[in-house]
4 protein chains.
Amino acid sequence: MLPLEHETQIRVRYAETDQMGVVWHGNYLQYFEQARTEALRAYGWSYQGLEAAGIMLPLVEAHLVYLRPARYDDLLTVNTSVREPATARLRFEYEVRNAAGERLATGYTVLGFVDATTRRPCRPPAGLKALFAA
Amino acid sequence: MLPLEHETQIRVRYAETDQMGVVWHGNYLQYFEQARTEALRAYGWSYQGLEAAGIMLPLVEAHLVYLRPARYDDLLTVNTSVREPATARLRFEYEVRNAAGERLATGYTVLGFVDATTRRPCRPPAGLKALFAA
Amino acid sequence: MLPLEHETQIRVRYAETDQMGVVWHGNYLQYFEQARTEALRAYGWSYQGLEAAGIMLPLVEAHLVYLRPARYDDLLTVNTSVREPATARLRFEYEVRNAAGERLATGYTVLGFVDATTRRPCRPPAGLKALFAA
Amino acid sequence: MLPLEHETQIRVRYAETDQMGVVWHGNYLQYFEQARTEALRAYGWSYQGLEAAGIMLPLVEAHLVYLRPARYDDLLTVNTSVREPATARLRFEYEVRNAAGERLATGYTVLGFVDATTRRPCRPPAGLKALFAA
């Protein structure tokens, strides 16, 4: 039943900073990815299992808004939510906060279901579609 | 005089692929970054020089649309353009093509001028503002 | 009192894989880095705190041996140990295992104490030297 | 005929720096990888072609020595050499210099020939073995 929500904690690695002294902006896409993996797991789905079953979920679109910098060793909380039913695509929304509760970044990613063999768009598995239904 | 345009070539590294056998989606933000560095250089500006002069350009927003996958060892062409005058912010647009001319991804990033000492928004240098003027 | 030992768990991210379907070899240096950060924290030291106190610990040397591949979503255990007293340098040893207990990789890194202002080698803080003493 | 030598130029990306203001140490493994890809290409071999022919070359061992930091936008020269005949393994040595000719890092990587289907060690292709012969 939508909306689905999940929270994941991620510790910022040194390698993820840049010479501005903050997390390099592209690394938020790693945080989003880790967060949706954990969100799917929390609802009984494994992204690894989907690929093993012949379904891939490449990104179709990504959007990021940067509000405040994250810093080395920060313990971030990523809130992941799904608010729209799964069609041939699946949309995740994210909000990243630091330990002080400040919002650092928001964004969304749109993923498309793809048949791993044909590499063509396909339907989501029935169970996943049922999970992400209104 | 806007629009400014520039093309950069980037060879895909093995480390940039993921187990789907294509470039991991977050790496396009590295390509965009390298492309705008080269675009600025082509117009006589060095991002390194801006930082040395006390001005940083952190990302405020990023948007990416993925059309076709890039693969290991592909020689990509990134077209970078600026179409809007520089205010407190600067917007770059990107288009990534492979050697066959296929469009792989498009996107934009918005950067904000920040005083490196105070870490507060600031105005762009006069010369850069003049370059990015209508 | 040496040897000091610590264990950290790390979940493999999708972005860390490459088109061979396994973790890209360079990412083990991120795992080592995260593991020694947690090892220092477990013994009451924060690497972030060291930098705030004006001491940096850049790498001087790294060595890695790859035995078996790590895969996406694997829950890795990194065993970190210090067996030699801290001089101007500090040596960490690592062993990475998967959930089945198989050894995937081993390695070591040597870090040098550097004064953040002068960027010249310096002595370790007394407390850290006492911790890493025979 | 050994030794084989090759030089590649690599421009340091912003994303490759860390908060110490220098290239993060693990990124040298990306530089090494790009350098040996270009070295193989210069001698008529494509790593992509090897994989297409069913041979993978995962890393078995890596060693890095860091002498001086590389910085953002530095134009690095990586000297790659092969000094030992190819057996079931292939060893590359690297030397990284900046535009001033200063040696920044040295290292080597050992790669193992692996059959992509069985994922077991295999012999190098005859032509490659002939190239890397005494």
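What counts, and where the lines are drawn
The residue numbers shown here count from 1 along each chain, following its written sequence. As a convention, the first chain written is A and the first ligand written is 1, with the rest following in written order. Totals for whole chains, interfaces and linings use all residues, but because this is a predicted model, local features are given only for residues with pLDDT of at least 70 and pairs of side-chain atoms are given and counted only at 80 or more. Strands are runs of DSSP state E lasting at least two residues, helices are runs of H or I lasting at least four, and both sets are numbered from the N terminus onward. The globule rule used here is 2.2 Å times the number of residues to the 0.38 power, and the radius of gyration it is set against is calculated over C-alpha atoms. Once C-beta atoms are placed from the backbone, each residue is buried if 20 or more other C-beta atoms lie within 10 Å of its own, exposed if 12 or fewer, and partly exposed for counts between those two. Contact between two residues is assigned whenever their backbone-derived C-beta positions fall within 7 Å. Polar here means any residue other than Ala, Val, Leu, Ile, Met, Phe, Trp, Tyr, Cys and Pro, which are nonpolar, and Asp, Glu, Lys and Arg, which are charged; Gly is therefore polar. Paired strands, in this sense, are two strands between which DSSP finds at least two bridges. C-alpha atoms of residues with pLDDT of at least 70 in both copies form the basis for the least-squares superposition of the copies. An expected span of 1.5 Å times one less than the residue number is assigned to each helix. Only C-alpha atoms enter the line fits that serve as axes; for helices the fit covers just the stretch in contact. Angles between N-to-C directions range over 0 to 180 degrees. The predictor's confidence in any single residue is recorded as pLDDT, a number from 0 to 100.

Colleague: So what's going on with the overall build of chain A? Residues and values would help.
Modeller: Secondary structure assignment for chain A yields three helices and seven strands. Its helices and strands in sequence order give chain A the pattern β-α-α-β-β-β-β-β-β-α, from N to C terminus. Here the C-alpha radius of gyration of chain A, 15 Å, is about what a compact globule of 134 residues would show, namely 14 Å. Its C-alpha atoms put chain A at 45 × 30 × 20 Å along the principal axes. Across the 134 residues in chain A, those meeting the buried criterion constitute 43%. Sequence separation of 24 or more characterises 69% of the internal contacts of chain A that already satisfy a separation of 6 or more.

Colleague: Kindly report on the interface of chain C and chain D, identifying the contributing residues and their values.
Modeller: The accessible area lost on association of the parts is a frequent measure of interface size. Counting residues at the interface gives 15 residues for chain C, matched by 15 residues for chain D. Listing elements by their share of the side of chain C that touches chain D, those giving two or more residues are helix H1 (28–42) and strand S3 (59–66) of chain C. Among the elements that line the side of chain C that touches chain D, the one with the most residues is S3(C), at eight residues. In terms of residue class, the side of chain C that touches chain D is built from 10 nonpolar, four polar and one charged. Direction of pairing for S3(C) relative to strand S3 (residues 59–66) of chain D: antiparallel, over a ladder of five bridges. The partner of C:Ala62 across the bridge, within S3(D), is D:Leu64.

Colleague: Hey, could you go over the relation of the copies chain B and chain A for me, with residue numbers and the actual values?
Modeller: When chain B is brought onto chain A, the operation consists of a screw motion whose angular component is 180 degrees and whose axial shift is 0.0 Å, with 0.0 Å RMSD remaining. As the rotation angle and translation indicate, the two copies are arranged about a two-fold axis. Among all residues of chain B, the one whose C-alpha sits closest to the rotation axis is B:His63, at a distance of 2.2 Å. Interface residue correspondence from chain B to chain A reaches 100%, placing this contact among same-surface, isologous pairings.

Colleague: Run through the pairing of strand S6 (residues 103–112) of chain D, naming residues and quoting values.
Modeller: Side-chain positions along a regular strand alternate between the two faces of the sheet. All names here are of chain D. In this sheet, S6 lies alongside S3 in antiparallel orientation, the contact comprising seven bridges. Among the inter-strand pairings, Ala-62 is bridged to a residue of S6, identified as Thr-109. Direction of pairing for strand S5 (residues 89–97) relative to S6: antiparallel, over a ladder of nine bridges. Bridge pairing in S6 places Glu-93 opposite Tyr-108. The antiparallel hairpin formed by S5 and S6 contains five residues in its connecting segment, where Gly-101 sits at a positive phi of about 85 degrees.

Colleague: Got a sec to walk through the interface of chain B and chain A? Specific residues and values, please.
Modeller: With 15 residues of chain B at the interface, the matching set in chain A holds 15 residues. Elements with a contribution of two residues or more to the side of chain B that touches chain A: helix H1 (28–42) and strand S3 (59–66) of chain B. Ranked by the residues each element gives to the side of chain B that touches chain A, the list is headed by S3(B), at eight residues. Residues of the side of chain B that touches chain A, tallied by class, amount to 10 nonpolar, four polar and one charged.

Colleague: Give a description of H1(B) that names residues and reports values.
Modeller: Residue and element names in this part refer to chain B. Taking 1.5 Å per residue, 15 residues should reach 21 Å; H1 reaches 21 Å between its end C-alpha atoms and fits that length. Listed as buried for H1 are Tyr-28, Leu-29, Tyr-31, Phe-32, Glu-33, Ala-35, Arg-36, Thr-37, Ala-39 and Leu-40. Following H1 by one or two positions, Gly-44 has its phi on the positive side, about 90 degrees.

Colleague: Help me get a handle on the relation of the copies chain C and chain D, residues and values and all.
Modeller: The operation linking the two copies of the chain is a rotation about an axis combined with a translation along the axis. Note on the identical chains: chain C maps onto chain D by a rotation of 180 degrees and an axial translation of 0.0 Å, with an RMSD of 0.0 Å. In this assembly, 100% of the residues forming the interface of chain C have copies in chain D that are likewise at the interface, indicating an isologous arrangement.

Colleague: Tell me about the sheet that holds strand S4 (residues 75–82) of chain B, and name the residues and values.
Modeller: Read across the open sheet, the 10 strands follow the order S1(A)-S4(A)-S5(A)-S6(A)-S3(A)-S3(B)-S6(B)-S5(B)-S4(B)-S1(B); overall the sheet is antiparallel. Sheet topology places strand S1 (4–11) of chain A together with strand S1 (4–11) of chain B at the edges, where each strand pairs with a single neighbour. Neighbour to neighbour, the strand axes of the sheet diverge by 15 degrees on average, direction disregarded. Here S4(B) runs beside strand S5 (residues 89–97) of chain B; their pairing, made up of five bridges, is antiparallel.

Colleague: Could you give an account of the confidence of the model for chain A, naming the residues involved and the relevant values?
Modeller: Looking at chain A as a whole, the pLDDT averages 96, with 100% of positions reaching at least 70. Across the interface, the model reports ipTM at 0.96; the global pTM reads 0.97.

Colleague: Can you tell me about the sheet that holds strand S4 (residues 75–82) of chain C, naming the residues and giving the values?
Modeller: Hydrogen bonds between backbone atoms are what pair the strands of a sheet, whose relative direction is either parallel or antiparallel. Taken in spatial order, the 10 strands of this open sheet run S1(C)-S4(C)-S5(C)-S6(C)-S3(C)-S3(D)-S6(D)-S5(D)-S4(D)-S1(D), and their pairing is antiparallel. The open sheet is flanked by strand S1 (4–11) of chain C together with strand S1 (4–11) of chain D, the only strands paired with a single partner. Here the strands of the sheet are splayed against their neighbours by 15 degrees on average, with no regard to which way each runs. On top of the sheet, H1(C) reaches S1, S3, S4, strand S5 (89–97) and strand S6 (103–112) of chain C; it is set at about 130 degrees to S1(C), its chief contact. Sheet strands touched by helix H1 (residues 28–42) of chain D: S1, S3, strand S4 (75–82), S5 and S6 of chain D. Its angle to S1(D), the strand with the most contacts, is close to 130 degrees.

Colleague: If you had to explain the pairing of S4(C) to someone new, which residues and values would you point to?
Modeller: Because side chains alternate across S4(C), one face comprises the buried residues C:Leu76, C:Val78, C:Thr80 and C:Val82, and the other comprises C:Leu75, C:Thr77, C:Asn79 and C:Ser81, none of which is buried. The antiparallel hairpin formed by S4(C) and S5(C) contains six residues in its connecting segment.

Colleague: Summarise the environment of D:Val65; cite the residues concerned and give the values.
Modeller: Inspection of the secondary structure assignment puts D:Val65 in strand S3. On the basis of neighbour counts, which here come to 17 C-beta atoms within 10 Å, the residue D:Val65 falls in the partly exposed class. Excluding residues within four positions of it along the chain, D:Val65 makes contact with C:Glu61, D:Ala105, D:Thr106 and D:Gly107.

Colleague: So what's going on with the environment of C:Asp73? Residues and values would help.
Modeller: In this structure, C:Asp73 sits in the loop between S3 and S4. Each C-alpha atom, one on C:Asp73 and one on C:Asp115, is 38 Å from the other, the two residues being 42 residues apart in sequence. Leave out the neighbours within four places in its chain, and C:Asp73 touches A:Gln48, C:Arg11 and C:Val12.

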